[in-house]
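Breakdown of the fold
These are the residues of each chain, in order.
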Amino acid sequence: MKRWVFLIPAVLFVSILASASGKSTPFPATVVSAQSHTAQAVDVTTSSCNFEDYDGYCNMGPKEVTVAQVILRENDGKTIHAECRDGESCALPVVNQTVSARYVGTGVELKYRDAAARDHKEVFRVVREGTATRD
């Protein structure tokens, strides 16, 4: 019976450590590039263009989407290429600004202040990661 008294707190301690290690810790990153551009998106909707079951997507062409891209450099030289597309509100940070970054799911969350001293928290989808290249 005395063995269980020591085993239960040990199991609880290990489970607390395991759950805490799954959370990403913030790290400083420098914004190397931040730009926004429009691109042509391919229309992936299914269309039925016969007369009986004509739908509203039948004759849609390609549409323009706005893509915001950010390249970050961590202190160890690793680069992160991330983007944000239409439907997601993403304000771009200033180039050469140091931001607080944190991995969340398949993206990276950036926290920073803009020129008007307003706090921003944006989530960008990570497109590619790698080591720094010489410019």
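These remarks concern the structure in this document. (Residues numbered from 1 in each chain as written. Predicted model: local features only at pLDDT ≥ 70, side-chain atom pairs only at ≥ 80, totals over all residues. Heavy atoms only, no water.)

What about the nonpolar core?
- Formed by 16 residues in total, the largest nonpolar core has its most connected members in Leu72, Val99, Val108, Leu110 and Phe124.
- Those elements that provide at least two residues to this core are β1 (27-41), β2 (63-74), β3 (78-84), β4 (98-104), β5 (107-113) and β6 (119-131). (Core = buried A, V, L, I, M, F, W, Y, C linked by side-chain atoms within 4.5 Å. Buried < 20%, exposed > 50% of the residue type's maximum accessible area, 1.4 Å probe, protein only. Helix = DSSP H or I, 4+ residues; strand = E, 2+ residues; numbered from the N terminus.)

Digging into the environment of Asn96
- Mapped onto the secondary structure, Asn96 falls in the loop between β3 and β4.
- Placed 65 residues apart in sequence, Asn96 and Val31 show a C-alpha to C-alpha distance of 5.1 Å.
- Those residues within four positions of Asn96 in sequence are excluded, and the remaining contacts are Thr30 and Val31. (Contact = heavy atoms within 4.5 Å.)

Looking at the environment of Ala41
- Residue position: Ala41 is located in strand β1.
- Relative accessible area serves as the criterion here: at 18%, Ala41 is assigned to the buried category.
- For the pair formed by Ala41 and Lys63, sequence separation is 22 residues and the distance between their alpha carbons is 5.4 Å.

Some details on the sheet that holds β6
- One closed barrel holds the 6 strands; their spatial order is β1-β2-β3-β6-β5-β4, and the pairing between them is antiparallel. The mean inter-strand angle of the sheet, taken between neighbouring strand axes irrespective of direction, is 40°.
- When β3 meets β6, the two strands line up antiparallel, connected through 6 bridges. The residue of β6 that forms the bridge with Ile80 is Glu129. (Pairing = 2+ DSSP bridges. Axes fitted to C-alpha atoms, helices over the stretch in contact; angles between N-to-C directions.)

Details of the environment of His81
- For His81, the location among the structural elements is in strand β3.
- For His81 and Ser33, which are 48 residues apart along the polypeptide, the C-alpha to C-alpha distance reads 9.3 Å.
- Setting aside chain neighbours within four positions, we find His81 in contact with Val70, Ile71, Arg125, Val126, Val127 and Arg128.

Let's talk about the pairing of β3
- Counting buried residues along β3, 6 of its 7 residues qualify, which places the element largely inside the surrounding structure.
- Sheet analysis places β2 next to β3, joined by 6 bridges and oriented antiparallel. Residue pairing in the sheet places Gln69 in a bridge with Glu83 of β3.
- Here β2 hands over to β3 after 3 residues, with Gly77 in that stretch at a positive phi of 95°.

A few points about the pattern of salt bridges
- Going through the model one piece at a time under the given rule, you end up with 6 salt bridges.
- When the shortest N-O distance is used, the salt bridge between Arg102 and Glu109 registers 3.3 Å.
- Via salt bridges that share partners, Arg102, Glu109 and Lys121 belong to a single interconnected network. (Salt bridge = Lys/Arg side-chain N within 4 Å of Asp/Glu carboxyl O.)

Comments concerning unusual backbone geometry
- Positive phi is not limited to glycine here, since Asn96 has a value of about 70°.
- Notably, Ala117 is not glycine yet its phi reads approximately 65°, a positive angle.
- Within the fold, Ala117 resides in the loop between β5 and β6.

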